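Tertiary structure, described
So you can see what is in the structure, the chains are spelled out below.
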Amino acid sequence: MGTSTLHIDLGALANNWRALDAKSADSVETAAVVKADGYGIGAGKAGRALMKAGVKTFFVAAAEEGVILREAVGPSPRICVFGGHMSGDADMISDMQLTPMLNSLDQITRHFEALPGHPFGVQLDTGMNRLGMEANEWDAVRDLVMQKKPMLIMSHLACADEPDHPMNAQQLGEFHRMTDGLDAPRALSATGGILLGSEFHFDLTRPGIGLYGGLPFEEAEPVVRVECPIIQIRDVAVGETVGYGNSWTAEVPSRVATVAAGYADGITRHISNQSVLFDADTPCPLLGRVSMDLITVDVTHLDHTPRSLDILNAHQTVDDLADIGGTIGYEVLTSLGRRYNRRYVG
């Protein structure tokens, strides 16, 4: 046990999907986003667990991710590609039966010429100014595109994690203006949009972060736990320092555990001297700087010698750690490195 262990609860993942699915009507399909290798937990295993729960449609960021997912889940589910049809993707899209979300006039031309008759969707920009066609572009090609029968017309909300933000109503109105009356299924909402209510659900929702235990889905079950083995425990005298830069100095005689985890494992240096690790339910302060492979932790108050400490668990979620480090839960999850020993349960 020389490296930290990433415990992944696939049962919790499936339960989170079921809970989000229950928030929309039976007529609304609930898909699942498994981009970035399933938000860091493994797209293949996540995909198979979600299929068993009832998922029929997946979303990934790029065609290459779609290839990996297809090999894991087989031929039956639909795999949609947010990035659309990029140059050089035609063979992958065709061979692996991927469904690109076409984002631009160039992509529409590329797809229709390279793969006539192949399924596709369309992404529209309703104000986020990231991906998708703007209203004037859509007006120019809408009739042509609709003749080809897109399987989905979608857009993406910029501020769905802030329910009272005026951008939500603005984008909802723009999506209606761009799509009302068209004969195709529609999708607007990821996790945050699902929680905004039924008027944002349309025909399909595509939860992502909420599946993996992250906000804004406060009811989510935790999916990941990071267990860090203790390599060594030493006594530190008053006045002695710990770690790079002498950033922590002992004010009382202390016992300091050195655990196997660091910024090479996605544990950001920004939590140095601020976060805690846990021995079961007991918090243990992180001392000094997070280094590449090691973290030092105060275990003076424990009445036993633990073998490992948790930096992520039910007491300190990905969003808790993100708040300490000045980032978001998405980044914490997707930064968890390849060095972890991954153990799947559920």
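A brief report on the enclosed structure follows.

Criteria and thresholds
Every chain begins its residue count from 1, and numbering advances along the sequence as written. Where totals are concerned, whole chains, interfaces and linings use all residues; where local detail is concerned, this predicted model gives features only for residues with pLDDT of at least 70, and gives and counts side-chain atom pairs only at 80 or more. Side-chain numbers come from the whole structure's heavy atoms, not from hydrogens or water. Buried Ala, Val, Leu, Ile, Met, Phe, Trp, Tyr and Cys residues that are joined via side-chain atoms within 4.5 Å together make up what is termed a nonpolar core. Exposure is judged per residue with a 1.4 Å probe applied to protein chains only, and the accessible area is read against the type maximum: over 50% gives exposed, under 20% gives buried, and values in between give partly exposed. Going along the chain from the N terminus, every DSSP run of H or I of four or more residues is numbered as a helix, and every run of E of two or more is numbered as a strand. Note on definitions: a residue-residue contact is assigned when non-hydrogen atoms from the two residues lie within 4.5 Å. Two aromatic rings, drawn from Phe, Tyr or Trp (for Trp, its six-membered ring), form a pair once their centres lie within 6.5 Å of each other, and the interplanar angle then sorts them: stacked below 30 degrees, edge-to-face above 60, tilted otherwise. By definition, being over a ring means that NZ of Lys or CZ of Arg is both within 6 Å of the ring centre and within 35 degrees of the ring normal. Both site types are read off a 1 Å grid over the protein atoms alone. A 1.4 Å probe that fits but cannot get out defines a cavity, while an open set with protein on both sides within 12 Å along at least five of seven lines defines a pocket; lining residues have an atom within 4 Å of a point. Grid points are joined across faces, edges and corners, and a volume is the space filled by probe spheres set on the points. Here the nonpolar group is Ala, Val, Leu, Ile, Met, Phe, Trp, Tyr, Cys and Pro; Asp, Glu, Lys and Arg are the charged ones; every other residue, Gly included, is treated as polar. Under the rule applied, a polar contact is a pair of N or O atoms within 3.5 Å (in protein, one hydrogen donor and one hydrogen acceptor; residues adjacent in sequence only if both atoms are side-chain atoms). Strand pairing is assigned whenever DSSP identifies at least 2 bridges connecting the two strands.

Right, let's get into the nonpolar core. Counting residues in each nonpolar core, the largest one holds 72 residues, and the members touching the most others are Leu13, Phe59 and Ile295. The biggest single contributor to this core is helix α1 (residues 10-21), with six residues. Residues in contact with Leu13, not counting those within four places in the same chain, are Ile41, Ala46, Ala49, Leu50, Leu211, Tyr212 and Val223. If you look at the next biggest cluster of nonpolar residues, it comprises 14 residues, including Ile108, Phe120, Val141 and Met178.

Among all positions of helix α3 (residues 43-53), only Ala43, Gly44, Ala46, Gly47, Ala49, Leu50 and Ala53 are buried. The secondary structure elements touched by the buried residues of α3 are α1, β3 (32-33), α2 (35-39), β4 (57-60) and α4 (63-73). Where α3 terminates, the next one or two residues include Gly54, which has phi positive at roughly 130 degrees.

Enumeration according to the criterion identifies five aromatic pairs in this entry. Measuring from ring centre to ring centre gives 5.0 Å for Phe59 and Phe82, while their planes differ by 20 degrees; the resulting arrangement is stacked. One end of the pair, Phe59, is in strand β4; the other, Phe82, is in the loop between β5 (78-81) and α5 (90-95), with 23 residues separating them in the sequence. The class for Phe82 is buried, based on a relative accessible area of 13%. Every member of this aromatic cluster is reached through a ring pair, and the members are Tyr39, Tyr212 and Tyr330. The ring of Tyr344 has Lys45 sitting right over it, with the charged end atom 5.0 Å from the ring centre.

This part takes up empty space enclosed by the protein. Throughout the structure, instances matching the rule amount to two cavities of 30 Å³ or more. By volume, the largest cavity amounts to about 70 Å³. In terms of lining residues, the largest cavity is bounded by Tyr212, Gly213, Pro222, Val223, Val224, Leu312, Asn313, Gln316, Thr317 and Val318. Considering only residue class, the lining of the largest cavity consists of six nonpolar, four polar and no charged. Taken as a whole, the second largest cavity encloses approximately 60 Å³ of empty space. In terms of residue class, the lining of the second largest cavity is built from three nonpolar, five polar and two charged.

This next bit is on the side chain of Thr57. Tracing the chain through its elements places Thr57 in strand β4. A distance of 2.6 Å separates the side chain of Thr57 from the side chain of Glu29, its partner in a polar contact. For Thr57, the residues in contact, after removing those within four places along its chain, are Glu29, Ala31, Ala32, Arg78 and Cys80.

With that settled, consider the pairing of strand β11 (residues 224-236). Sheet analysis places strand β1 (residues 5-9) next to β11, joined by four bridges and oriented antiparallel. Bridge pairing links Thr5 to Glu227 in β11. Note that β11 and strand β18 (residues 308-312) share four bridges and pair antiparallel. Of the residues in β18, the one forming a bridge with Glu227 is Asp310. Pairing analysis gives six bridges linking β11 to strand β14 (residues 254-260), with the strands arranged antiparallel. Of the residues in β14, the one forming a bridge with Asp235 is Arg255.

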